[in-house]
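# A closer look at the structure
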Amino acid sequence: MAATPGIHHDGTLTRAFTAQADGFNRSSAANDAGVLRTILAHAAPAPDETWLEAACGPGVVSRHLAPHVRAVHGVDLTPAMVELARQSAAAAEIANVTFAVGDATATGLPDASFDGAITRFSLHHIPVPGRVLEELARVVSPGGGIVVADHLADEDADACAWSQEVERLRDPSHWASLTALRLRELGETAGLRLDAETVVPIELDFDDWLRRGGEDPDAHRLVERLVGEPPRTARRFRVARGGDGRTLGLDVWVGRFVR
C-alpha cells in the first residue's frame, strides 16, 4: 500500500521545525509587528473568551493574544516547538496560556469549545490545507471568529511555480503557498463566511531566511540560481539588493472568517 502523502510529510515537518524552533521564535517573520497587529485587530478578542492557536509553533501569537482574553490554548505537531512555547510564556510570566502537542487538522478537542481560533504561517506546510479550516470550524462556537494568516502565492502560474520551487529547496517542509482566492475558497468550503481581509507586506533579511530553512549547501546553490532568474511576473515573492544586503519581500494575507 502506498504511503499517504500527508502522513509522510508530517515527519518532514516535525524534523524541519525541531531544527528551526529557536530561530523561528526569534525571527523577524515570526515577530513582525504589522502582521501581529493585524491578526489581533481581525480577531477582535474579548476579555471573557477562550481562543485556540492551531499550529502555534513557539507561541508568539498566543503570547500576544493572551493579555486580551481569558485563556489561550496552543497546539503544534512538533514537540520542540511546544516546549519552547511553554518556556517562552513562562519567561514572560504569562499564566493564561497552555500548549500541547497536537495536529491542527485533527486536534481531538471538543466541538464548539473555543470562542475563536487563529492559525498563522501553517497552511503552506500542510497537504490539503482545507482540513485545517474544517477543524477550526468544528472547534469554534457558532458566531466565533477564525483568523488565518499566511504569505501569498502569485496568481500567475509561472511566478507561482518559481517561488514554490525556491521555497521547497530552502525548506523541505514547505508544501504550497496559496493565492488569496484559494484561501477565500477554503473558508467557504469549510462553511465559513469571510468577514474581513488585509494584505500586509513584510520584509525579511534574505540570507537569514535562507539559513533558517536548513544548511544544505547544494540546495542553497540551487536557490541562488533561481533567485537570480526571477520571472517578470513575480510579485508576491521579491528578492532585492540594498546597501545592507539582500531582502525578501512577502505579502501576508490575514483573513477573518465567521463560524
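In this numbering scheme, every chain counts its residues from 1 along its sequence in written order. Local features in this predicted model are restricted to residues of pLDDT 70 or higher, and side-chain atom pairs are both shown and tallied only at a pLDDT of 80 or more, whereas totals for entire chains, interfaces and linings draw on every residue. To obtain the side-chain values, all non-hydrogen atoms of the structure were included, while hydrogens and water were left out.

### A word on helix α2 (residues 33-43)
Any residue under 20% of the maximum accessible area for its type is buried, any over 50% is exposed, and the rest in between are partly exposed; the area is computed with a 1.4 Å probe on protein chains only. The numbering of helices and of strands both runs from the N terminus, where a helix is a DSSP run of H or I of at least 4 residues and a strand a run of E of at least 2. If you check which residues of α2 are buried, you get Gly34, Val35, Leu36, Thr38, Ile39, His42 and Ala43. By definition, residues are in contact when any of their heavy atoms lie within 4.5 Å. In this fold, the buried residues of α2 make contact with β1 (50-54), α3 (60-65), β4 (114-120), β5 (140-151), β6 (193-205) and β8 (245-258). Whenever a nitrogen or oxygen atom comes within 3.5 Å of another N or O atom, the pair is scored as a polar contact, on the condition that within protein one atom can donate a hydrogen and the other can accept it, and that pairs from neighbouring residues in sequence are kept only if both atoms are in side chains. The N-cap residue of α2 is Asp32: its side-chain oxygen and the backbone nitrogen of Gly34 are 3.1 Å apart. Downstream of α2 by one or two residues, Ala44 has phi in the positive range, about 50°.

### Some remarks on the pattern of salt bridges
Should a side-chain nitrogen of Lys or Arg be within 4 Å of a carboxyl oxygen of Asp or Glu, the pair is scored as a salt bridge. Considering all chains together, one arrives at 16 salt bridges under this definition. For the salt bridge of Arg170 with Asp171, the shortest nitrogen-to-oxygen distance reads 4.0 Å. In this structure, Arg170 and Asp171 share a single accessibility class: buried. In this structure, Glu197 and Arg184 form a salt bridge, with 3.1 Å as the shortest nitrogen-oxygen distance. Taken together, the positions of Glu197 in strand β6 and Arg184 in helix α7 (residues 180-189) put the pair 13 residues apart, joining distant regions of the chain. Put simply, Glu155, Arg236, Arg238 and Asp251 are held in one network by salt bridges that share partners.

### Digging into the packing of helix α6 (residues 157-170) against helix α9 (residues 217-227)
Running from amino to carboxyl end, α6 crosses α9 at an angle of 160°, the nearest separation of the two axes being 9 Å. In terms of orientation, α6 and α9 fall into the roughly antiparallel class. Our pair here, α6 against α9, has a crossing hand that is left-handed. Along the contact surface, α6 presents Trp162, Glu165, Val166, Leu169 and Arg170, while α9 presents Ala219, Leu222, Val223, Leu226 and Val227. Polar here means any residue other than Ala, Val, Leu, Ile, Met, Phe, Trp, Tyr, Cys and Pro, which are nonpolar, and Asp, Glu, Lys and Arg, which are charged; Gly is therefore polar. Classifying every residue of the contact of α6 with α9 gives eight nonpolar, no polar and two charged. Comment: axis = line fitted to C-alpha atoms, over the contacting stretch for helices; angle = value between 0 and 180 degrees taken between N-to-C directions. Any angle that falls under 35 degrees is termed roughly parallel, while one over 145 is termed roughly antiparallel, one within 65 to 115 roughly perpendicular, and all others oblique. It is the rotation of the near helix from the far one that decides the hand of a crossing: anticlockwise by less than a right angle makes it left-handed, clockwise makes it right-handed.

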